[in-house]
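Residues per chain are reported as follows:
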Amino acid sequence: MGPTVTLVKDSLTAARRTRPAASASAGRRPGRRRENLAGYLFMSPWIAGFLLLTAGPMAASLYFAFTDYNLFNTPKWVGLDNFTKMFDDPRWQKSVEVTAKYVVIGTPLKLLLALGVALLLAQSRRGQAFYRAAFYAPSLIGASVSVGFVWRSLFSDDAIVDRTQSFFGWHVGGWVGNADWVLYSLVALTVWQFGAPMVIFLAGLKQVPKELYEAAEMDGAGPLRRFWNITLPMISPVLFFNVLLETIHSFQIFGSAYVVSNGTCGPADATLVYTCYLYEQGFKNAQMGFAAAMAWMLLLAVALVTAVLFWSQKKWVHYEEGPR
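Residues numbered from 1 in each chain as written. Predicted model: local features only at pLDDT ≥ 70, side-chain atom pairs only at ≥ 80, totals over all residues. Heavy atoms only, no water.

**Overview of the overall build of the chain**
Convention followed: Strands here are runs of E lasting at least two residues and helices are runs of H or I lasting at least four, both read from the DSSP assignment and numbered beginning at the N terminus. We compute the radius of gyration from the C-alpha atoms alone; for a globule the expected value is 2.2 Å times N to the 0.38, where N is the number of residues. Buried, partly exposed and exposed residues are distinguished by accessible area as a fraction of the type maximum, computed with a 1.4 Å probe on protein chains only: under 20%, between the cut-offs, and over 50%, respectively. What makes two residues a contact is simply this: any of their non-hydrogen atoms within 4.5 Å. His residues and chain termini do not enter the charge count, which takes Lys and Arg as positive and Asp and Glu as negative. Charge coordinates come from a single atom per side chain, which is NZ of Lys, CZ of Arg, CG of Asp or CD of Glu.
Across its full length, the chain carries 14 helices and two strands. Against the compact-globule benchmark of 20 Å for 324 residues, the chain has a radius of gyration of 30 Å, which places it well outside the compact range. Relative to its full complement of 324 residues, the chain shows a buried share of 36%. Within the chain, contacts between residues separated by at least 24 positions form 67% of all contacts whose residues are at least 6 apart in sequence. Charged side chains of the chain number 28 positive and 20 negative; the gap between the two group centres comes to 16 Å.

**Notes on the UniProt feature "transmembrane region" (unreviewed entry) in the chain**
Threshold: UniProt positions are given in the numbering used here, feature names are shortened, and annotations may be inferred rather than shown by experiment.
On the UniProt side, "transmembrane region" (unreviewed entry) is annotated at positions that read residues 37-66, 102-121, 133-151, 181-205, 226-245 and 288-311 here. Counted over residues 102-121, helix gives 100% and strand 0%. Its end C-alpha atoms are 28 Å apart. Within residues 181-205, the helical portion is 88% and the strand portion 0%, while the C-alpha atoms at the span's ends are 35 Å from each other.

**Overview of the environment of L202**
Tracing the chain through its elements places L202 in helix α8 (residues 195-206). Counting along the chain gives 70 residues from L202 to R132, while the straight-line C-alpha distance between them is 9.6 Å. For L202, the contacting residues outside a window of four places in its chain are A118, L121, A122 and R132.

**Observations regarding the UniProt feature "domain: ABC transmembrane type-1" (unreviewed entry) in the chain**
In the numbering adopted here, UniProt assigns the feature "domain: ABC transmembrane type-1" (unreviewed entry) to residues 96-309. Taken end to end, residues 96-309 is 73% helix and 0% strand, and its first and last C-alpha atoms sit 20 Å apart.

**Focus on unusual backbone geometry**
The phi torsion of most residues other than glycine is negative, and most of the peptide bonds are trans. Geometrically, the link from G266 to P267 is a cis peptide bond, its omega value of 5 degrees lying close to zero. One non-glycine residue, D158, lies in positive phi territory at about 60 degrees. With respect to the helices, strands and loops of the structure, D158 is situated in the loop between α5 (145-154) and α6 (160-167).

**Some remarks on the packing of helix α13 (residues 274-284) against helix α14 (residues 288-316)**
Worth spelling out the cut-off: Here an axis means a line fitted to C-alpha atoms, over the contact stretch when the element is a helix, while the angle between two N-to-C directions is reported on a 0 to 180 degree scale. For classification, angles of less than 35 degrees are called roughly parallel, those exceeding 145 degrees roughly antiparallel, those between 65 and 115 degrees roughly perpendicular, and all remaining angles oblique. Should the near helix be turned counterclockwise from the far one by less than a right angle, the crossing is left-handed, whereas a clockwise turn marks it as right-handed.
Orientation of α13 relative to α14, taken along the N-to-C sense of each, is 155 degrees, at an axis distance of 7 Å. Relative to α14, α13 is oriented roughly antiparallel. Between α13 and α14 lies a crossing of left-handed hand. Two secondary-structure elements touch here, α13 through Y274, T275, Y277, L278, Q281, G282 and F283 and α14 through M288, F290, A291, M294, A295, M297 and L298.

**What about the environment of V176?**
Inspection of the secondary structure puts V176 in the loop between α6 and α7 (182-192). The spatial distance from the C-alpha of V176 to the C-alpha of S153 is 8.7 Å, given a sequence separation of 23 residues. With residues up to four places along the chain from it excluded, the contact list for V176 reads R152, F155, S156, V182, V260 and P267.

**Details of the nonpolar core**
Keep this limit in mind: Here, nonpolar core means buried Ala, Val, Leu, Ile, Met, Phe, Trp, Tyr and Cys residues that are tied together by side-chain atoms lying within 4.5 Å of each other.
One finds M86, Y102, L186, Y274 and M294 to be the most contacted residues of the largest nonpolar core, which totals 39 residues. Among the elements of the structure, α2 (81-87), α3 (90-121), α5, α7, α12 (255-260), α13 and α14 are those that each provide at least two residues to this core. A total of ten residues in this core trace back to one element, the largest contributor, which is α14. In contact with M294, other than residues within four places in its own chain, are M86, W92, Y274, Y277, L278 and Q281. Residues F201, V208, I230 and F240 belong to the second largest nonpolar core, which totals 24 residues.

Shown next as structure tokens:
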């Protein structure tokens, strides 16, 4: 009887010891539920905004892409007709060509200028803060409609750009009215807004250890070799981020093209970027189904370019912990 009684007492003692722990964990559950409820409550404005302003419209536009919908009548299911019509549309093909030309020319020039100015500002000099703010300012105001009007005035006939190039014997006339040159005025506008990638490049340059440059200089490496073998590999993640961000941003060009062309996307469809033709089809011609199909094609194109960039980063982007 002795050992049995002792075993029962030990079991009761162990049960009493574990009971407070169980009650404590049970007491934590209502507290965790209250914390989760409070978290969801604070997130509810964002969740509601995402569902009503992002996810809902995206789902609706995906449905409209397969319908004949003119904003006034009930959508009529047409399947893939909008997409087949799109590929047979010469103006849609023109918009793809204009947008691709803008992206291929404007994005590299903008990044090259941003990197060059960042290299200059990375060096200690007097008035450095002023120059950083001055070069960054166009990125804050460049997307405004007022700047678009000013830009159109600068590149119009007999304006300052026309007079300057005529002074040097280059008689082209106003770029805005010239179908061969108006797109380059948009490229100049986007290059002028190099401040945002410049700041990102500058932050990346500040993270490059100075010991690497000192060691390379002792080995006899010149400025170009130090830039190619040290600076570019060390800031390659920042360069990849800027390339990705600016490429996506270039595909979305609309405001500057619409304002500079005075709402015509011309002359001769020279500034007919993709989003400009999308706006024309959706809101001028009331072909909302066709415009929705165009929007989803743009999304697929941007996703494809993004996937290619992420795939290519394995060959030229160098991370501290190794390639990704």
